[in-house]
Amino acid sequence: MATSLKILFLSAEVDPFAKTGGLGDVGGSLPKALRQLGHDVRVVMPAYRKIEQGYEGVTALPLQLNVPTGAGLIPAGVFEGRLPDSDVPIYFIAQHHLFDRPQVYGYGDDPYRFAFYSRAALDLMVAALAWRPDVVHAHDWHTAPAITWLATAGQVDPRYANMPTLFTIHNLAHQGRTGWQIFDYLGLQTHGLREEGYGEVNFMARGIYHATLVNTVSPTYAQEITTPMGGAGLDGLLRYRGRDLSGILNGLDYGVWDPAGDPRLVARYDAERLQERKSNRHALQAYLGLPQKDYVPLVAMVSRLDYQKGLDITGHVLHLLMNGFAGDAQFVVLGTGAPEYEQMLAQLAGYHRDKMTAVLAYNANLAPLIYAGSDIFIMPSLFEPCGLGQLIAMRYGSVPLVKATGGLADTVLEGETGFTFRHHTAGDFWQAMQRATYVYNTDRAGWRQIQLNGMAADYSWAKSAEGYEALYRQAIARHQS
Ligand code: ADP
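From a predicted model like this one, the values you see are computed outputs, not experimental measurements.

Mind laying out the packing of aromatic side chains, listing which residues take part and the relevant values?
Counted according to the given criterion, the structure contains 19 aromatic pairs. Their ring planes at 80 degrees and their centres at 4.9 Å tell us that Trp180 and Phe183 sit as a pair that is edge-to-face. When its relative accessible area of 32% is taken as the criterion, Trp180 is described as partly exposed. Under the relative-accessibility criterion, Phe183 is labelled buried at 1%. Their ring planes at 20 degrees and their centres at 6.0 Å tell us that Phe419 and Trp447 sit as a pair that is stacked. Residue Phe419 is found in strand β17 (residues 419–421), and its partner Trp447 is found in helix α17 (residues 444–456); the two are separated by 28 residues along the sequence. Within the aromatic cluster, the residues linked to one another by ring pairs are Tyr105, Phe114, Tyr117, Trp141 and Phe203.

Describe in detail the side chain of Gln95, supporting the description with residues and values.
Inspection of the secondary structure assignment puts Gln95 in the loop between β5 (89–94) and α3 (96–99). Judged by relative accessible area, Gln95 falls into the buried class, the value being 10%. Among the polar contacts listed, one links the side chain of Gln95 to the backbone oxygen of Pro75, at a separation of 3.1 Å.

Requested: an account of helix α10 (residues 277–288), with residues and values cited.
Compared with the 16 Å implied by 1.5 Å per residue over 12 residues, the 16 Å span of α10 between its first and last C-alpha is a close match. Contacts from the buried residues of α10 go to β12 (298–302), β13 (330–334), β14 (356–359), α13 (366–373), α16 (426–442) and α17. Two residues or fewer after α10 comes Gly289, characterised by a positive phi angle close to 75 degrees.

Rules used throughout
Residues numbered from 1 in each chain as written. Predicted model: local features only at pLDDT ≥ 70, side-chain atom pairs only at ≥ 80, totals over all residues. Heavy atoms only, no water. Phe/Tyr/Trp six-rings, centres within 6.5 Å; stacked < 30°, edge-to-face > 60°. Buried < 20%, exposed > 50% of the residue type's maximum accessible area, 1.4 Å probe, protein only. Helix = DSSP H or I, 4+ residues; strand = E, 2+ residues; numbered from the N terminus. Polar contact = N/O pair within 3.5 Å; in protein donor to acceptor, adjacent residues only side chain to side chain. Expected span 1.5 Å × (residues − 1). Contact = heavy atoms within 4.5 Å.

The structure is reproduced here in structure tokens:
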């Protein structure tokens, strides 16, 4: 058996302790999957208010850190717990001036908050606990200060020198820009990057620049971000690191998303009992106030109503669909977001009361019933680093219809596990919708096969964790050569 690795896992979000998006899911799931592979993985995150106020199973360590910063030694406390249903240790850096606030992000001093957390995490594990990791795995800009520090100031301290790092990009849209003084605060010296304006620091760029290896959450997205269209201003730097850049799909937590065990469903089922989906369909239709028809394509969308999700091309396609241009159909959308899209969907639903319902809310109990009761699940995203909705849909036997971008392109295969379109136009989207409804209406066996292919696909964390293990070993090898 290959040797077990010591992995220091840094993330600003770790579900269930803090989650605002996909980063939290990864933070909560991937360490457990790595543990299953036999690795010694330890997680460090900030102690946000939820932790400071007392969290079951989380206790204070009898330990005070004195974190070295350009502003002197700053004290911090440490809490310790375990990731749920595992023995993976998680440490929380407690500094109530910085982290005891109602939100995770959104404050003017965010760069300082996360710079402090990053430096404190290294100080805790390496200096205080004398645990030197084989590799540091840092996620998004909030943890990039750790990578930058290790690559600069850390090189002259033998406890930290020559430590392999992996930087994972989840969301290129948030880059952590701030002023140059932050390097004084971190006690390091370095040169400017082309991506940084005069006197500016860009932590996302720094993570990409200084890490041993860089990855993102799908192979196609890893390609797309090296282009001016998808690079959010960092495509040049990403091309420069191109040899060291790869993509690993996020997994789906099969413990939570399993149609055979999901307590939120009316009827539970698996690939052998697909007919049970009908009870969920009827319950869904009843809930939505739609006629309980069978053999009519029930099309669904569960999404943040954001420009990124392709709402601009969705309106026209819904107009055609609801007016019967692909035959009879029903449509449900569950989502909240931009007022213009909420208004558009409410208006369309108003015209087509007998066919369409718009639930403009966040409803974690309704979502599973939609996955389990719908026939076609649409994700016409402008871009999508990985995407979770299509993975859940496949698992639940709803056939995804997606734009072939990012993780959607890597997981949904035209005619095999779903339907795809290439160009971000209503025309292309509509053609795919026509193909999907045509197969649904004319080829029951073919449709069923697509459902079964999707249900059989393996998008578990176990598989992703193996991909990460390979990257860790590659990063470590770089530092040994
Ligand atoms: P993103 O993280 O960009 O929002 P993903 O496809 O990766 O997109 O993940 C979206 C997740 O959020 C899915 O699990 C989806 O079911 C869920 N979701 C989105 N909107 C809602 C909503 N209004 N109610 C319930 N769940 C939602």
